[in-house]
Amino acid sequence: MPRQSLPHHWLITHFCTFILFALAVITSSGLTPAEEVGPTWPQWRGGSQNGVADGSEYPKEWSEQKGIAWKQELGGLGGSTPVIDESTAYLTAGINGKNTLLSIDVDSGNVNWKVALGEDAGNKHRKGSGSNPSAVIDGDLVYAYFRSGDLACVDKSGDIVWQKNLQKEFGADTLWWDLGSSPTLTRNAVVVAVMQSGPSPSYLLALEKTSGDQLWKTDRELGAPKEAAQSYATPLAVKVNGDDAIAVMGADHLTLHWAKDGKELGRLGGFNPSDDNFFRSISSPVAEGHIIVCPYARGGTITAIDMDALANRKGKDAIIWHRDDLGSDVPTPAAKDGRVYVVGDKANGLVSCLDIKSGETIWNVQLPKSRSGFSSSPLVAGNHLYVTQENATTHVIGPLDAEQPAVVATNRLDDDQPFTVASPVPVGQSLLIRSRNYLHRIAAN
């Protein structure tokens, strides 16, 4: 018996009803539909590398009982902050002894795919893992880097485009602790900084994005003593006198390099005048315009430098301001509209807002006293600052345009075992927070 055809208008009516129902479900959960999720968060500190989210409204209060759209167990440990492309998040973890890149649907929390990229070689430090560096996204390609030295390019279907091991090619990693430096991108290259104590040299490496072929390699041997020669900071893609450059902080120095060939165009030392053996870098610098702000000395100092002046051989005269009464050891500052937000992890949660041009304090906010430290970097989202502790508690400070902002909410998650080290990131008008074992999507109530 032949199948009867349904009337055309019946199909259209019911299809529209289905779409409206699906949108209602998404809206009631506080989620933004996938096609409206953007903008993307392509690397650890976002597209601007400043830790600043677009948009104006983000959730301010949540708990395990409210405000969580979904919660996905990751199945392995890692410290990498998620990166976002439209409706997909990418992050890394050590799963069953393998370096693993995961693709997760941000609407549902479901894992799209996992791909193994070498042997997990982490856990040298109790806060660390073999999967601390964040992935970076460029078009249809995702790049992931691991403590083992494995660097891979994967397409958005989970297929490996190219893969190589930097330690096998350029010498064993001699870092005392787990790798923390994430790759960064230039117009045609993925760039990795390896800053370590000998015998293997420190270097800056650029690989062509689509082939993985080496474009250039610049050694970075600066004579810093012992552990001070080591850095876990991430290089920044910046503009210097209008041209593409890379700024690298570590080994008691800030260096500037041309993005096209890696040649050094400026160098500033003097960050460790007492030659302390253990001034390793963890916090990365943050830049806005021609000014780069560099935390150093295990959270003891913070210095602002004019990159254009440094490239013009001004040396110490390129320093705009220097402070030795505050700083940040692990969290990287955020910067927006001429203000720098610094989480003083050595000061038990003193958050400071500084004028980027003068270094003067605009305001301070003291977070609630706690035995839990700070390893995540702050996020500026809307008119508030989000600061996550190692126990997966996130403090919301604002409004940022007030004369004296305050802590407006303190939000706890159940996964409070040590250590949450990934930073919160925006997706649509919601947030992703990676705790020790889970990835959470925090939606509007």
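Every value quoted in this text rests on a predicted model; they were computed, and no experiment measured them.

Visitor: I keep staring at the overall build of the protein and nothing clicks. Help me out?
Guide: Along its length, the protein carries three helices and 33 strands. Here the C-alpha radius of gyration of the protein, 22 Å, is about what a compact globule of 445 residues would show, namely 22 Å. Seen through its C-alpha atoms, the protein measures out along the principal axes to roughly 90 × 50 × 40 Å. Each of the 445 residues in the protein was classed as buried or not, and the buried ones make up 58%. Intrachain contacts of the protein at a sequence separation of at least 6 include 56% that bridge at least 24 residues. Of the roughly 18,000 Å² of accessible surface on the protein, 49% is carried by carbon and sulfur atoms. The average position of the 39 basic charges and that of the 50 acidic charges among the side chains of the protein differ by 3 Å.

Visitor: Help me understand the confidence of the model for the protein in this model?
Guide: Detailed reading of the predicted coordinates is not advisable wherever pLDDT is low. In this model, the protein carries a mean pLDDT of 90, and residues with pLDDT of at least 70 account for 90%. Below pLDDT 50 for its whole length, residues 1–29 participates in eight contacts with residues either more than four positions away or in separate chains. Long-range and interchain partners of residues 32–39, a stretch whose pLDDT sits below 50, account for 18 contacts in this model, where long-range means more than four residues apart.

Visitor: Hey, could you run me through unusual backbone geometry in this one?
Guide: Note: most residues except glycine have negative phi, and most peptide bonds are trans. For the bond running from Gly198 to Pro199, omega is 10°, close enough to zero to count as cis. With respect to the element layout, Pro199 can be found in the loop between β12 (189–194) and β13 (203–208). That bond from Pro418 to Phe419 is cis: its omega, 5°, falls within 30 degrees of zero. Relative to the helices and strands, Phe419 is located in the loop between β30 (406–411) and β31 (425–427).

Visitor: Whenever I open this one, the pattern of salt bridges confuses me. Can you help?
Guide: Side chains that carry opposite charge are capable of pairing whenever their charged atoms lie near each other. Within the structure shown, the criterion is met by 16 salt bridges. The salt bridge involving Glu64 is made with Lys71; its shortest N-O contact spans 3.4 Å. The partner of Lys156 in a salt bridge is Asp85, with the nearest N and O atoms 2.2 Å apart. One end of the pair, Lys156, is in the loop between β9 (150–155) and β10 (160–165); the other, Asp85, is in strand β3 (residues 83–85), with 71 residues separating them in the sequence. In this structure Lys156 comes out as partly exposed when scored by relative accessible area, which is 26%. Residue Asp85 is classed as buried on the basis of its relative accessible area of 15%. A single salt-bridge network, built from bridges that share partners, covers Arg147, Asp173 and Asp178.

Visitor: So what exactly am I meant to see when it comes to empty space enclosed by the protein here?
Guide: Over the atoms rolls a probe the size of a water molecule, and in doing so it shows where empty space is left. By the definition in use, this model includes four cavities of 30 Å³ or more. Taken as a whole, the largest cavity encloses approximately 90 Å³ of empty space. Lining the largest cavity are 15 residues, and of these Tyr145, Gln167, Asp173, Val194 and Tyr203 sit closest to its centre. Per-element tally for the lining of the largest cavity: the top contributor is helix α2 (residues 166–170), with three residues. Broken down by class, the residue content of the lining of the largest cavity amounts to nine nonpolar, four polar and two charged. The calculated volume of the second largest cavity comes to roughly 70 Å³. Lining the second largest cavity are Gln43, Trp44, Arg45, Gln49, Val136, Ser182, Pro183, Thr234, Leu236, Ser284, Pro285 and Thr332. By residue class, the composition of the lining of the second largest cavity is five nonpolar, six polar and one charged.

Visitor: Mind showing me how you'd approach the side chain of Asp150 here?
Guide: Mapped onto the fold, Asp150 is located in strand β9. Lys168 provides the closest opposite charge to the buried, unpaired Asp150, separated from it by 6.1 Å. Reaching out from Asp150, the side chain makes a polar contact with the side chain of Ser148 at a distance of 2.6 Å. One polar contact links Asp150 to Gln163, side chain to side chain, over a distance of 3.5 Å.

Calculation rules
Residues numbered from 1 in each chain as written. Predicted model: local features only at pLDDT ≥ 70, side-chain atom pairs only at ≥ 80, totals over all residues. Heavy atoms only, no water. Helix = DSSP H or I, 4+ residues; strand = E, 2+ residues; numbered from the N terminus. Rg over C-alpha atoms; globule rule 2.2 N^0.38 Å. Buried < 20%, exposed > 50% of the residue type's maximum accessible area, 1.4 Å probe, protein only. Contact = heavy atoms within 4.5 Å. Areas by Shrake-Rupley, 256 points an atom, 1.4 Å probe, with all protein chains shown as cover. Lys, Arg positive; Asp, Glu negative; His and termini not counted. Charge placed at Lys NZ, Arg CZ, Asp CG, Glu CD. pLDDT = per-residue confidence, 0-100. Salt bridge = Lys/Arg side-chain N within 4 Å of Asp/Glu carboxyl O. 1 Å grid on protein atoms, 1.4 Å probe; cavity = no way out; pocket = protein on both sides within 12 Å on 5 of 7 lines; lining within 4 Å. Points joined across faces, edges and corners; volume = space filled by probe spheres on them. Nonpolar A, V, L, I, M, F, W, Y, C, P; charged D, E, K, R; others polar. Polar contact = N/O pair within 3.5 Å; in protein donor to acceptor, adjacent residues only side chain to side chain.

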